[in-house]
Amino acid sequence: MSNKIISKEHIEYLETIKRRKRTILITQISVLVIGLTLWELAAKLNLIDTFLTSSPTDIWNMLVEYTQNGDLFHHVGISVLETIVGFTVGTVLGVIVAIGLWWSNFLAKVLEPYLVILNSLPKTALAPIIIIWIGTGYTGIIVTAITVSIIITIMNMFNSFMSVDEDKIKLLETFGATKFQILQKVILPYSIPAMINTLKVNIGLSWVGVIVGEFLVSRAGIGYLLVYGMQVFQFDLVMLGVFILAMISALMYKSVSIIENKFIKWHK
Amino acid sequence: MSKNSVVQVNNIGMTYHRLNGEIEAIKNIDFEVYQGEIVGIVGPSGCGKSTLLSIIAGLIKPSFGEVLVNGKKVAGHSEDIGYMFQSDQLFEWRTILQNVLLGLEIQGNIDEKSIRAAEELLDVYGLGDFKNNYPNQLSGGMRQRAALIRTLVVKPNLLLLDEPFSALDYQTRLAIADEVGLILKKEKKTTLLVTHDISEAISLSDRIIVLTNRPATIKDIIQIKLTCPEGTWSPINCREAPEFRYYFNKIWKELDVHVK
Ligand SMILES: Nc1ncnc2c1ncn2[C@@H]1O[C@H](COP(=O)(O)OP(=O)(O)O)[C@@H](O)[C@H]1O
Ligand SMILES: [Mg+2]
């Protein structure tokens, strides 16, 4: 359809949209720059107590210091690894359990009240128990991250499995499909969008699990940096930790979006 | 027409059981369908038409009686049967060609030859240029045509069409019903067509079974003989046959529709 003649009004319309997009982006950047500048100015002019609020340059210096001595990569690397493992295992296990529930209606009915209760429970409350049971190493933290994301994964995926149109299943049955083929040909592919949404949610949830775990056992990781910074009253370090956390989770979220666009061609 | 019977429905009945009671959907249904015939089934909505088709397809077991397809008792799925639904049920994540190949894939019959056959059918019925498109890029009529091809590709002996056009708007519906009628005649498919559109039933069918309210029993079986206008035969043209009104009024009266 690209070879159609485009009217003048349409070009103007496209221009307006483009201009608006640009204005939004410029405003977004300005907000960031102005915010940082005001913060820095207030700190320099002693309007705020940098002991409690830190300042952009202090955080920057802290970043340079931690980058140069390699500590930053150590801590960030550990947290990222824990999160990725927790998030992958949580998602995969969650999907497997959801498949089990879909396969056996009896099992689904039996487990339903437990899932509902577990889902409404703040999962981080389980972290101390898990760490006592599993240990204070990385495994304890990873299992905490898994616990936070697995229940919601099970529920989201199971709901998606059950919302497949009855007639789609009937159609496969008229071709003589086995239950496994129904799973493979319609249930799972139909649920890919739900799966991707769950992945997006799980990134945030796994980070919650990892940070809480690190708060509790405090040996390494971003959560450790946060607690350590607080204990030694190094607010620059705490702020640095939070900023890095924000950057990395945004990056991970973005990666899932990219995967999404690759996979879901039929949405366009 | 040779009187080889493809379907024998022997006095079947079906009762659904639910916690809040039982529903008798169909009762004492007994008829035959012969080779190459298109048999229309009309009846009030909710009377048990889909139930009847599901039983013939072997998807549900009747409470009484039995169904024979090609002389064999139906028990579970049969590869001789193709089913079409009210909505096309194309899979959004598959291209049109992949959708059309679904049945072959499930039956493990995908090979170069069958893929070529599917592509040829798509070409013949005007979807050749769209085989690599996704369903949401096609109009409702084209989608329903793709659904029919998906059914035809597995070469069923018997087609069961459950209100296949009712999700379409009126214009498209007329056009597609006409096309499908031509396709069925050309492929010489034995067909059971459920519809609530009396005109559609008359223009497409060789015989029409009229069902009563639930529990559905057979009220009448009407042989349709239309003197279609000269020229190329098509279901739409046959709506101009002089007998059309007579059949319409007869079925309309038998359906005994009351607006409540
Ligand atoms: N799986 C089922 N369980 C219980 N009742 C059903 C089921 N399927 C259909 N029915 C009931 O059986 C009756 C006939 O349904 P159906 O065959 O779908 O009618 P139609 O296709 O003629 O509209 C309806 O009253 C419907 O509520
Ligand atoms: Mg129905």
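On a predicted model such as this, the values are computed, not experimentally measured, just so you know.

Engineer: Help me get a handle on the overall build of chain B, residues and values and all.
Structural biologist: Check the secondary structure of chain B and you find nine helices and 10 strands. Computed over C-alpha atoms, the radius of gyration of chain B comes to 18 Å, within 12% of the 18 Å expected from 2.2 N^0.38 for 260 residues, which places it in the range of a compact globule. Seen along its three principal axes, the alpha-carbon backbone of chain B occupies a region of about 50 × 45 × 40 Å. Of all 260 residues assigned to chain B, the portion counted as buried reaches 53%.

Engineer: Describe the domain arrangement of chain A, with residues and values.
Structural biologist: All names here are of chain A. Parsing chain A into structural domains produces domain 1 (8–48) and domain 2 (56–267). Distance from the C-alpha centre of domain 1 to the C-alpha centre of domain 2: 33 Å. Interface area, domain 1 with domain 2, both sides summed: about 370 Å², of which 73% is carbon and sulfur. Ranking the residues of domain 1 by area buried against domain 2 places Leu36, Trp39 and Glu40 at the top, with a combined share of 94%.

Engineer: Kindly report on the interface of chain A and chain B, identifying the contributing residues and their values.
Structural biologist: Contact residues are listed per partner, giving 20 residues for chain A and 23 residues for chain B. The tally of links from chain A across to chain B stands at seven residue pairs in polar contact (both at pLDDT 80 or more). Elements represented by at least two residues in the side of chain A that touches chain B include exactly α8 (166–174) and α9 (179–190) of chain A. No other element matches α8 of chain A, which puts seven residues into the side of chain A that touches chain B. When grouped by side-chain class, the residues that make up the side of chain A that touches chain B number eight nonpolar, four polar and eight charged.

Engineer: A description of helix α4 (residues 112–124) of chain B should follow, citing residues and the corresponding values.
Structural biologist: Residue and element names in this part refer to chain B. Taking 1.5 Å per residue as the helical rise, α4 with its 13 residues ought to reach 18 Å, and the 18 Å between its terminal C-alpha atoms agrees with that figure. For α4, every residue scored as buried is listed here: Ser114, Ala118, Leu121 and Leu122. When α4 is viewed along its axis, its buried side chains cluster within an angular range of 100° and face the same direction. Seen from the buried face of α4, the exposed residues on the opposite side, beyond 90 degrees, are Glu112, Lys113, Glu120, Asp123 and Val124. Against α2 (96–100), α3 (102–106), α5 (140–153) and α6 (170–187) lie the buried residues of α4. Just past α4, the residue Gly126 takes up positive phi, approximately 75°.

Engineer: Which residues make up the site of ligand 1, and what are the values?
Structural biologist: Residue and element names in this part refer to chain B. Near ligand 1, the surroundings consist of Tyr16, Arg18, Ile23, Ala25, Ser45, Gly46, Cys47, Gly48, Lys49, Ser50, Thr51 and Arg214. Contact distances for ligand 1 include 2.7 Å between an oxygen atom and a backbone N or O atom of Gly46. Between an oxygen atom of ligand 1 and a side-chain N or O atom of Arg214, the distance comes to 2.8 Å. Mapped onto the shell around ligand 1, the elements with two or more residues apiece are β1 (5–18), β2 (21–34) and α1 (49–56). It is α1 that contributes the most residues to the shell around ligand 1, three residues altogether. Considering only residue class, the shell around ligand 1 consists of four nonpolar, five polar and three charged.

Engineer: I'd love a proper account of the layout of surface pockets, names of residues and values included.
Structural biologist: All names here are of chain A. Estimates place the volume of the largest pocket at around 390 Å³. In terms of lining residues, the largest pocket is bounded by 13 residues, among which Trp102, Met162, Glu166, Ile169 and Glu173 are the most central. Elements supplying a minimum of two residues to the lining of the largest pocket: α4 (71–103), α7 (138–162) and α8. Counting residues per element, the lining of the largest pocket draws most heavily on α8, which supplies five residues. Classifying every residue of the lining of the largest pocket gives seven nonpolar, one polar and five charged.

Engineer: Describe the pairing of strand β7 (residues 158–162) of chain B, listing the residues and the values that go with them.
Structural biologist: On a regular strand, each side chain points to the face opposite its neighbour's, so the side chains alternate between the two faces of the sheet. All names here are of chain B. Of all five residues in β7, five are buried; the element is thus mostly enclosed. Side-chain alternation along β7 places Leu158, Leu160 and Asp162 on one buried face and Leu159 and Leu161 on a second face that is also buried. Sheet topology places strand β6 (residues 81–84) next to β7; four bridges connect them, and they run parallel. Bridge assignment links Tyr83 to a residue of β7, and that residue is Leu160. In this structure, β7 lies alongside strand β8 (residues 190–194), joined through five bridges in parallel fashion. Opposite Leu160, over in β8, you have Leu192 as the bridge partner. For the segment spanning β7, α6 and β8, crossover handedness is right-handed.

Engineer: Can you explain the confidence of the model for chain B? Please cite residues and give values.
Structural biologist: Residues at a pLDDT of 70 or more form 98% of chain B, whose mean pLDDT is 89. Here the predicted complex scores 0.86 on pTM and 0.87 on ipTM.

Engineer: Go over the packing of helix α10 (residues 192–217) of chain A against helix α12 (residues 235–263) of chain A, please, and point to the residues and values.
Structural biologist: Residue and element names in this part refer to chain A. Axis separation between α10 and α12 bottoms out at 9 Å; the angle between their running directions is 160°. Comparing the axis directions of α10 and α12 gives the class roughly antiparallel. Two packed elements cross with a definite hand, and for α10 against α12 that hand is right-handed. Two secondary-structure elements touch here, α10 through Ile196, Leu199, Lys200, Ile203, Trp207 and Ile211 and α12 through Leu245, Ile248, Ser249, Met252, Tyr253, Val256, Ser257 and Glu260. Within the contact of α10 with α12, the residues separate by chemical class into 10 nonpolar, two polar and two charged.

Engineer: Tell me about the packing of aromatic side chains, and please be specific about residues and values.
Structural biologist: Here the structure, examined in full by the defined rule, presents eight aromatic pairs over all chains. Ring geometry for Tyr224 of chain A against Tyr228 of chain A: centres 5.8 Å apart, planes inclined by 20°, an arrangement best described as stacked. Residue Tyr224 of chain A and its partner Tyr228 of chain A are both found in helix α11 (residues 222–231); the two are separated by four residues, about one turn of the helix. Taking the relative accessible area as the measure of exposure, Tyr228 of chain A reaches 32% and is therefore partly exposed. Taken together, Tyr190 of chain A together with Phe91 and Trp93 of chain B form an aromatic cluster joined through their ring pairs. Looking at Lys179 of chain A, its charged tip hangs above the ring of Trp102 of chain A, at a distance of 5.1 Å from the centre. The ring of Trp103 of chain A carries Lys179 of chain A above its face, with NZ or CZ at 5.4 Å from the centroid.

Reading the values: the criteria
- Residues numbered from 1 in each chain as written.
- Chains lettered and ligands numbered in written order.
- Predicted model: local features only at pLDDT ≥ 70, side-chain atom pairs only at ≥ 80, totals over all residues.
- Heavy atoms only, no water.
- Helix = DSSP H or I, 4+ residues; strand = E, 2+ residues; numbered from the N terminus.
- Rg over C-alpha atoms; globule rule 2.2 N^0.38 Å.
- Buried < 20%, exposed > 50% of the residue type's maximum accessible area, 1.4 Å probe, protein only.
- Domains from an automatic or database assignment.
- Buried area = accessible area lost by both parts, 1.4 Å probe.
- Contact = heavy atoms within 4.5 Å.
- Polar contact = N/O pair within 3.5 Å; in protein donor to acceptor, adjacent residues only side chain to side chain.
- Nonpolar A, V, L, I, M, F, W, Y, C, P; charged D, E, K, R; others polar.
- Expected span 1.5 Å × (residues − 1).
- Arc of directions from axis to C-beta.
- Near = heavy atom within 4 Å.
- 1 Å grid on protein atoms, 1.4 Å probe; cavity = no way out; pocket = protein on both sides within 12 Å on 5 of 7 lines; lining within 4 Å.
- Points joined across faces, edges and corners; volume = space filled by probe spheres on them.
- Pairing = 2+ DSSP bridges.
- Right-handed = clockwise from strand over helix to strand, strands pointing away.
- pLDDT = per-residue confidence, 0-100.
- Axes fitted to C-alpha atoms, helices over the stretch in contact; angles between N-to-C directions.
- Parallel < 35°, antiparallel > 145°, perpendicular 65-115°, else oblique.
- Left-handed = near helix turned anticlockwise from the far one by under 90°.
- Phe/Tyr/Trp six-rings, centres within 6.5 Å; stacked < 30°, edge-to-face > 60°.
- Lys NZ or Arg CZ within 6 Å of the ring centre and 35° of its normal.

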